[in-house]
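The lines below spell out each chain.
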Amino acid sequence: MTAPREFHVVNHSVPRGDGIAKVTGSAMYASDMVVDHMAWAKVLRSPFARAQILSIDALQAKRAPGVIDILTGDTLAGLSPYYGHGVKDHPLLAIGQVRFVGEPVAAVIAEDELAAQEALGEIFVEYGELTPVLDVDSALAQGAPLVHEKDYADGAFRGFNDFPGAAGNICQAVHVEWGDADAALASAAHVVEGEFYFPMVYAYAMEPYVAIADYNPRGRLTVYSSAQHPFMVRHDLASVFGLPLNSVRVIVPYVGGGYGSKSYTKIEPLVAACSWKAGRPVKLQLSVEEAFLTTRGDDARVRIRTAVDAQGRLVARQATIHMNTGAYAENSPMVCRKASNRIIGPYRIPNVKIDCLAVYTNTVPASSYRGLGAAQVTFPGESQMEELAEKLGCDPVEFRLQNLAESGESIHPGMRPIDADVPGDVREAARLLHAGRPLAPGHGRSVCCSCSDAGAHPVTLAMVQVYADGSVSVLSGSTEIGQGSHTVLAQIAAEEMGIPFEKVRLVGGDTAVTLFERSTGASRTTTLMGRAVLEACREAIAQCKTMAADVWGVPAELLIEERGGVRCADTRLTWFEILERYFQMEGCSIIGRAYLRKAGDLDLIPVFWEIGVVGAEIALDRETGKISLDTLVTIGDVGLAINPAMTEGQDLGAATMGLGAGLFEELIYDGQQLINGTMLEYRVPRFSDLAPNIRMKLVQNRDGVGPYGAKGGGEGAVNPISPCMANALYQATGARIRTLPLTPERVWKALQCVKSQQVKTKAPAGA
Amino acid sequence: MNIAFTLNEKPASIEIEPRETLAEVLRLRCRLTGVKISCESQVCGSCTVLVDALPVSGCTYLAYEVRGKCVTTIEGLADEAGCLHPLQQAFLDQFAFQCGFCTPGMILAAKAFLDEKLHDRRDEKAAEPRQITDAEIIEHMNGNLCRCTGYLPILKAIRQAVTQLQRLGEQS
């Protein structure tokens, strides 16, 4: 905990730095951009889940009006067409074989979008259909066809390529174990066991994937993209085209939503290859229907057992998690790894045995999705906490409190001890949820929590440029995806430099301008980039102090730092006056910089524990099985909220996204075909799903490694909401549902089951 | 073909293909990129623009249909001096957006609703001043999706704008 400090800019809800641009329509997104001499691409997609490409006849398409060129998998000579940060299994266009319905098979490059679209019908592909593997069980069956029949090179990022090679259709296997779970389960007072299913979901970032690429034959590549992680995209592009990093420039303007779905490389290598082929800048704008066929979240089947002793102490958790990774690895190996850690929750459990498989199938590739594996495993974990509380005959909140790790307590051997007050958070959520109100008929309540090893791998570099006129620029490689990084980082710089927020400008979204930032995800930006910006400001200030000592001709030790400047005896200079005097020239600027890496207090993983604590009261319509949210409680245990309004906004947004997967979101396959891949059929939360009662609370104990003790947020509340609703449904009706989403149909059926069991149990007594 | 209409209170005359949608014409020919395209099926509301003060989905509305009509996009909301419309200010004040992709459509859908409701109220001066309820706002805004905010900040922004527009209405 840090000493109290008066804050001038941080911990205040200053208006968003990107606000005016976004409310006036002047904010530019990659989909809004055009460049001179630009051509357009459209993609021909596979109609089969698994097939050989026997031939592609594109002659007629190439002669179609307006068509410039056609790109196919057999016209990529000279490129290294496979990419991927974990494993390079993903060809930028199908090569010889297709692996899911919707996989890009060819691209038409034309003068305009319509010409490209029309020419797609003139490409004739002959396929040799193969038996696909469409779900995890058939992919794991003995003698199952292989989604990938060869081994691929590892992705080259340090900290990534530590995924053990797996066999068959197993993309990734993770084993987490401590204690002796089997023995503890055998001797426990109570054991609950169940099989749970978390659905395949689509993030629906409202701006679909888009990129403009300009490949210059003299060996330069510029790409405008809606990517969350521009530096990861740069790496993959450099690898595909054999270019040095300084020759690949990735520019990311405002991004219309990400939620993980725009993590890592998506369509950029394909668009860049189109530009390489056509000798022109090329834009590819996917439709939402195509975005459905680009990335989804991993669905997961979890077989899980949790055990307690007679005193109600958790003694063991054992689980087997099967995740459906789809046709390419993307980030699923990491989802698999994280799910294996996150299934523990924020509890002390002495005996743990978790096996998680990420399994290739011939479906749309799965990758990062907000929460990264946590929602899939929090649903079973927190459902079982409620089941155990019932077996023990105790209050579920009290049962959790008995088992929650305290701040400073270690729950995962070798990992950072818990840096949050989870028991306090849960108590507060329960207080806000119940608030002395009686429970109406058909209503149920529950408080659930999750605990995620967040922050990803800490490599974050930042610069601040301090100008002699009193303004400051922050040069940050974090992407503004709506989470508010541009505002929060500017607040931190303003706080440190002692200047008003309006004097700070964010410069970012361009790999040629800023230093490296590994990613914008895992809730890391405030914690890592925020801290890097703070340290860069401190470094600039240290330079200013040396200059002040020179200007005044006094030893630096005599200088006293004050907010915004330095004092020596009765004389005071601001940082900016120091620069002016030192350089004797107007318009100068200096650079302060910071390089964060996995060292010092960032050596212990995770960077921080992201806690999700949610309370929910549902209202059930028994006639239809429709659940609506009556009350939502969120607790944001964020160390320090740099911008409280935006932090609460993250909690509510995350909870609402979780509500979608909990109640109605699910991608549905009928055989090979995704059948509800349009916004007409895929139902996301609407205005009318808003809970009438919303209570949000921020907990600010300054216990994180980020600036001023801050920690990240934005992914916690997505995880516990679905078990909250399932538990609340059980409380209201006695129906325990272990498959999401809790659609009216599923709930109604479960209610009929409960009813018929009640009839059965009553029958003998009456007979 | 050529179409003439009023675009953000200025006369416009534009050469179009008959098949082009209003969203395409506004984005590509007029470079008014505040009009966003997402679902392309009238589900999400991000392409909402006003045609004669009524909200339409620009993604499925032929540009041809606006001949002689008045089109308002988000770019036409702030006044000449750059002074924000009360709804724009309210969205800023209430943090009613994150990524901002739904925001132009959200603001325009809300504007159509408020213009209609507040106008109704002015017409019925003698009657009891009609309050605009949350339920009415939610019902009207249900055709606009936002994936970031969880909607509450948008509801708060619309409430704030209602209060301010009512105050302005009373003054005028």
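Just so we're clear, the structure is a prediction, and the values are computed from it rather than from any experiment. (Residues numbered from 1 in each chain as written. Chains lettered and ligands numbered in written order. Predicted model: local features only at pLDDT ≥ 70, side-chain atom pairs only at ≥ 80, totals over all residues.)

Right, let's talk about the interface of chain B and chain A for a bit. Listed by partner, the interface residues are 39 residues for chain B and 42 residues for chain A. Elements with a contribution of two residues or more to the side of chain B that touches chain A: helix H2 (86–93), helix H3 (103–123), helix H4 (134–141) and helix H5 (152–171) of chain B. Each residue belonging to the side of chain B that touches chain A can be placed in one class, and the counts come to 23 nonpolar, 13 polar and three charged. (Contact = placed C-beta atoms within 7 Å. Helix = DSSP H or I, 4+ residues; strand = E, 2+ residues; numbered from the N terminus. Nonpolar A, V, L, I, M, F, W, Y, C, P; charged D, E, K, R; others polar.)

Residue and element names in this part refer to chain A. Of the residues making up helix H15 (residues 575–583), those classed as buried are Trp575, Phe576, Ile578 and Leu579. The buried residues of H15 occupy an angular sector of 155° when projected down its axis, which confines them to one face. Buried residues along H15 sit in contact with strand S21 (460–467), helix H13 (485–497), helix H14 (525–552), strand S25 (565–568), strand S26 (571–574) and strand S27 (589–596). Directly beyond the C-terminal end of H15, a positive phi value near 55° is found at Gln584. (Buried ≥ 20, exposed ≤ 12 C-beta atoms within 10 Å, placed from the backbone. Arc of directions from axis to C-beta.)

A few words on the domain arrangement of chain B. Interface size is often expressed as the accessible area that is lost when the parts come together. Residue and element names in this part refer to chain B. Segmenting chain B into domains produces domain 1 (2–76) and domain 2 (86–171). Between the C-alpha centres of domain 1 and domain 2 there is a distance of 22 Å. Contact with domain 1, which involves 14 residues of that partner, is made by 13 residues of domain 2. Considering each element in turn, the side of domain 1 that touches domain 2 owes the most residues, three residues, to strand S3 (residues 48–51). Looking at the side of domain 1 that touches domain 2 residue by residue, the classes come out as nine nonpolar, four polar and one charged. (Domains from an automatic or database assignment.)

Next up on the list: the nonpolar core. Residues and elements named next belong to chain A. Grouped together as the largest cluster of nonpolar side chains are 307 residues, with contacts concentrated most on Ile109, Cys274, Ala493, Val533 and Leu729. No other element matches the twelve residues that H14 contributes to this core. If we ignore the near neighbours within four places in the chain, the residues touching Ala493 are Val464, Val472, Val474, Val504, Val533 and Cys537. (Core = buried A, V, L, I, M, F, W, Y, C linked by C-beta atoms within 7 Å.)

The next thing to look at is the domain arrangement of chain A. All names here are of chain A. Domain assignment breaks chain A into domain 1 (31–132 + 204–292), domain 2 (296–455 + 606–752) and domain 3 (457–602). Between the C-alpha centres of domain 1 and domain 2 there is a distance of 36 Å. The element best represented in the side of domain 1 that touches domain 2 is helix H8 (residues 288–292), accounting for three residues. A breakdown of the residues in the side of domain 1 that touches domain 2 according to their chemical character gives eleven nonpolar, seven polar and five charged.

Our next topic: the environment of Met33(A). Residues and elements named next belong to chain A. In this fold, Met33 is placed in the loop between helix H1 (19–24) and strand S1 (39–45). Residue Met33 is classed as partly exposed on the basis of its 16 C-beta neighbours within 10 Å. Spatially, the C-alpha atoms of Met33 and Pro253 are 9.2 Å apart, while their sequence positions differ by 220 residues. Discounting chain neighbours no more than four positions away, the residues touching Met33 are Met28, Ile212, Tyr224 and Pro253.

All names here are of chain A. Spatial strand order, S3-S7-S1-S14-S11-S12-S13: seven strands in an open sheet with mixed pairing. Two strands in the sheet have a free side with no partner beyond their single neighbour: strand S3 (67–72) and strand S13 (248–251). Taking the axes of each pair of neighbouring strands and ignoring which way they run, one obtains an average angle of 20° across the sheet. Bridging between S1 and strand S14 (residues 282–285) involves two bridges; their strand directions are parallel. Bridge pairing links Trp40 to Lys283 in S14. Across the sheet, helix H6 (residues 230–241) touches strand S12 (220–225) and S13, and the angle it forms with S13 is around 145°. Here helix H7 (residues 268–278) sits on the sheet in contact with S1, S3, strand S7 (104–110), strand S11 (210–216), S12 and S14, set at roughly 40° to S11. (Pairing = 2+ DSSP bridges. Axes fitted to C-alpha atoms, helices over the stretch in contact; angles between N-to-C directions.)

The next subject is the packing of H13(A) against H14(A). All names here are of chain A. Look at H13 against H14: their axes get within 9 Å of each other, and the N-to-C directions meet at 30°. One element, H13, and the other, H14, form an angle in the roughly parallel class. Relative to H14, H13 is oriented so that their crossing is right-handed. Mapping the contact onto sequence places Ser485, Val488, Leu489, Ile492, Ala493, Glu496 and Met497 in H13 and Thr525, Thr526, Met529, Gly530, Val533, Leu534, Cys537 and Arg538 in H14. Looking at the contact of H13 with H14 residue by residue, the classes come out as nine nonpolar, four polar and two charged. (Parallel < 35°, antiparallel > 145°, perpendicular 65-115°, else oblique. Left-handed = near helix turned anticlockwise from the far one by under 90°.)

Residues and elements named next belong to chain B. Spatially, the five strands line up as an open sheet ordered S2-S1-S5-S3-S4, and their pairing is mixed. One side of each edge strand has no neighbouring strand; the edge strands of this open sheet are strand S2 (10–15) and strand S4 (54–57). Direction aside, the axes of adjacent strands within the sheet are offset by 40° on average. Pairing analysis gives two bridges linking strand S1 (residues 2–7) to strand S5 (residues 70–72), with the strands arranged parallel. Opposite Thr6, over in S5, you have Cys70 as the bridge partner.

Here the focus is the pairing of strand S20 (residues 443–454) of chain A. Each regular strand displays side chains that alternate between the two surfaces of the sheet. All names here are of chain A. Across the twelve residues of S20, eleven count as buried, placing the element largely inside the fold. With twelve bridges joining them, S20 and strand S28 (residues 608–621) adopt antiparallel strand pairing. For Asp453, the partnering residue across the bridge sits in S28 and is Trp609.

Another aspect to go through is unusual backbone geometry. Residues and elements named next belong to chain A. Cis geometry marks the peptide bond from Ile605 to Pro606, where omega comes out at 0°. Cis rather than trans, the peptide bond between Leu740 and Pro741 has omega equal to -5°. Mapping Pro741 onto the fold places it in the loop between helix H17 (721–733) and helix H18 (744–766). Non-glycine residue Gln584 carries a positive phi angle of around 55°.

In this section: the packing of helix H9 (residues 332–342) of chain A against helix H10 (residues 374–392) of chain A. Residue and element names in this part refer to chain A. It is at 8 Å that the axes of H9 and H10 come closest, and there the two elements cross at 30°. Looking at the two axes, H9 sits roughly parallel to H10. Pair H9 / H10 crosses with right-handed handedness. Here Lys338, Ala339 and Arg342 of H9 lie close against H10, whose contacting residues are Ala374, Gln376 and Val377.

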